[in-house]
Amino acid sequence: MASAAGPEEAGDRRNVWDAAGVAVLGACAVWSLITATVHGGRPEGVLLAVLAVSAGYAAGRICGALLPVAAPCAAALAGSALTVAVPHLAPGPEIIAPLGHAGATAAVLTLSAGFACCAAWAASAPPLRLALRGLAAGIAVTAAALGSTTGFVLCVAVLLCSLAAGRMHRGLGIAGLALVTGLVAGVPWAVAGDAVPDGFAASLEGLLTRHRIELWHDALHMVREDAAWGVGPGRFGELSTTATQTLLSDGKPHSALLQQAAEQGVVGVALLAAVFCWVLHALWRAPRSTPVALTAGAALTALAAIAAVGNVLSFTAVSVGAGLLAGLATAHPLTDEPPQRIWDAHPRGDRLAP
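What you see is a predicted model, and the numbers here were worked out from it, not measured in a lab.

**Considerations on the nonpolar core**
F115, L283, L300, L303 and L325 are the most contacted members of the largest nonpolar core, which has 53 residues in total. When residues of this core are traced back to their parent elements, those giving at least two are helix 3 (70–85), helix 4 (101–122), helix 5 (126–145), helix 6 (149–165), helix 7 (170–192), helix 12 (256–285), helix 13 (290–308) and helix 14 (316–330). The element that contributes the greatest number of residues to this core is helix 4, accounting for 12 residues. Listed in part, the 21 residues of the second largest apolar core include A192, L208, L257 and A261.

Here you go:
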């Protein structure tokens, strides 16, 4: 009876946290509608992003249960093909290319590397596992060939983190990813508030351009004007002096947290943070092996870093890919994963079990 109660209790906990995720995503959609009603904004972008993440997560849970190796491998190949086949997604020499597409390319390639590494850990045959890691390395080379330096660096980082995940404690790994995300997310706030040393600010300006820094200043000014409700979803471009004086502006501050704060107030920021925390907790409690969970967490942390200084969450492909990766890494495979000679600690009941 005790052995039968264990899986049932674990399933009940997963159902509770799945319901919590649905509630948080639903709150994001509802709050965007509320703030749009208050200030006359346009919530369509937020609603589309919520729908994309939800659809990707649901598809990932199903495909991860049925095809724990083939599904992430197919996603990795599809993401790589997308960046090559879609000219408006890949960075190019066009001077008039809208700001943000280079970040979307880096994000899709980083997620693709995460898919490949997750598939490698789920594979049982050593040659297949080596081939899938070779695919992840090939994705990093693709990023370099496309001129995406950020994508190359992050793909290599995900691959290295995946290799290290084989001997890492799950709880400590998740805590480290949360800490890194918090530090990176605080950079735009510190820069916008002139709370960083001049040398560091100058180096960031060289990397991210003065135009983006000025957008951050405008966003922080809007937060100070109305921190409770924000200016309304989709209205940053109308009220930002920098955006209105710029040709080919996409009307975004190119920082996910600053955009949420400016357009939907502190509640919007709290809801966005709650979504990411829920994903990390789901990875911590996931029935998948520790390397798969930590690899997915590393890829999603890299995506959060790009989103902190860009508008990649505005691209539907990125939102779907993030949800798909989270779903694949938290699915319950119908077949047992291959045994690994590593310390695979994950929560079972109220204790950690090897």
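Here the narrative resumes, following the displayed structure.
**Considerations on the packing of helix 12 against helix 13**
At a closest axis distance of 11 Å, the pairing of helix 12 and helix 13 adopts a crossing angle of 170°. Our classification of the angle between helix 12 and helix 13 gives roughly antiparallel. In contact with A256, F276, V279 and L283 of helix 12, helix 13 contributes A293, A296, G297, L300, T301, A304, A307 and A308.

**Overview of the environment of L179**
Relative to the helices and strands, L179 resides in helix 7. Relative accessible area serves as the criterion here: at 54%, L179 is assigned to the exposed category. In this structure the C-alpha to C-alpha distance between L179 and T301, which are 122 residues apart in sequence, comes to 9.9 Å.

**Some thoughts on the pattern of salt bridges**
For the structure shown, the criterion picks out five salt bridges. Between E238 and R42 there is a salt bridge; the shortest N-O distance is 2.7 Å. In this pair, E238 sits in helix 10 (residues 236–239) while R42 sits in the loop between helix 1 (2–39) and helix 2 (44–66), placing the two residues 196 residues apart along the sequence. Taking relative accessible area as the criterion, R42 reaches 40% and is therefore assigned partly exposed. Salt-bridge contacts for R210 lead to E214; the nearest nitrogen and oxygen are separated by 3.6 Å. Taken together, the residues span about one helical turn, with R210 and E214 both in helix 9 (residues 210–225) at a distance of four residues. Taking the relative accessible area as the measure of exposure, E214 reaches 31% and is therefore partly exposed. Here the residues in one salt-bridge network are R42, R235 and E238, joined through shared partners.

What counts, and where the lines are drawn
- Residues numbered from 1 in each chain as written.
- Predicted model: local features only at pLDDT ≥ 70, side-chain atom pairs only at ≥ 80, totals over all residues.
- Heavy atoms only, no water.
- Core = buried A, V, L, I, M, F, W, Y, C linked by side-chain atoms within 4.5 Å.
- Buried < 20%, exposed > 50% of the residue type's maximum accessible area, 1.4 Å probe, protein only.
- Helix = DSSP H or I, 4+ residues; strand = E, 2+ residues; numbered from the N terminus.
- Axes fitted to C-alpha atoms, helices over the stretch in contact; angles between N-to-C directions.
- Parallel < 35°, antiparallel > 145°, perpendicular 65-115°, else oblique.
- Contact = heavy atoms within 4.5 Å.
- Salt bridge = Lys/Arg side-chain N within 4 Å of Asp/Glu carboxyl O.

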